[in-house]
Amino acid sequence: MEVFYEHDSDDRLIAKKDALELNNWIVQLVGNGNELEILINIAKKLSNGGDLGSQLNELAMENKLHLGVFYRYKNSMVNLHECEDMECDIYYINKHEEYRNLYASILESFHKLKEELYTMILVEL
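Model, not experiment: these values are computed from the prediction. (Residues numbered from 1 in each chain as written. Predicted model: local features only at pLDDT ≥ 70, side-chain atom pairs only at ≥ 80, totals over all residues. Heavy atoms only, no water.)

Asker: Got a sec to walk through the side chain of N63? Specific residues and values, please.
Answerer: Along the polypeptide, N63 turns up in helix α2 (residues 50-76). Once residues lying within four places of it in the same chain are set aside, the contact partners of N63 are L29, N32, G33, L36 and I106. (Helix = DSSP H or I, 4+ residues; strand = E, 2+ residues; numbered from the N terminus. Contact = heavy atoms within 4.5 Å.)

Pasting the structure below:
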């Protein structure tokens, strides 16, 4: 876990916070991938789960692609320490916001499909 110090500069604190947040996103996406595999298997067992199973498969592929995007972003964060002016800092702050929005979109899609699957299960019970 990253430690925050009083003597850290503002930009260093932001970088540490963003790195922690990114690590949390990655852990969540890995977990989503594992859960999607289970949900795909559940959808296969439902009489009317074919279309939803396809959507879950597609989401699982997207999840893997996005996970790769987040890993590449994590590797690029070392460049953040090379910033020497506010313009560079702002660029990385805006990039992080783009990734935060992407992450929120991924979670929204994941939760929507899970809700559809659970509703389908309830109908079949």
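There is more to say, and it comes next.
Asker: Please provide a residue-by-residue account of the pattern of salt bridges, values included.
Answerer: All chains considered together, the criterion is met by 5 salt bridges. Note that R100 is salt-bridged to E21, the shortest N-O span being 2.5 Å. Taken together, the residues span a long stretch of sequence, with R100 in helix α3 (residues 86-124) and E21 in helix α1 (residues 10-45) at a distance of 79 residues. Residue R100 is classed as partly exposed on the basis of its relative accessible area of 22%. One salt bridge in this structure joins R100 and E97, with 2.0 Å as the shortest N-O distance. Pair noted here: R100 and E97 are both in helix α3, with a separation of 3 residues, about one helical turn. A relative accessible area of 33% places E97 in the partly exposed class. By sharing partners, the salt bridges in this structure join E21, E97 and R100 into a single network. (Salt bridge = Lys/Arg side-chain N within 4 Å of Asp/Glu carboxyl O. Buried < 20%, exposed > 50% of the residue type's maximum accessible area, 1.4 Å probe, protein only.)

Asker: Pulling in residues and values, what's your account of the packing of aromatic side chains?
Answerer: For the structure shown, the criterion picks out 5 aromatic pairs. Ring geometry for Y91 against Y92: centres 5.1 Å apart, planes inclined by 85 degrees, an arrangement best described as edge-to-face. Taking relative accessible area as the criterion, Y91 reaches 47% and is therefore assigned partly exposed. Site record: aromatic cluster; members linked through ring pairs are W25, F70, Y73, Y99 and Y103. (Phe/Tyr/Trp six-rings, centres within 6.5 Å; stacked < 30°, edge-to-face > 60°.)

Asker: Please set out the environment of K74 residue by residue, giving values where relevant.
Answerer: Structurally, the position occupied by K74 is in helix α2. Put simply, K74 and I26 are 48 residues apart on the chain and 9.4 Å apart in space, counted from C-alpha to C-alpha. With near-sequence residues (within four places) excluded, K74 lies in contact with L22, N23 and I26.

So yeah, pure geometry; function would need other evidence.
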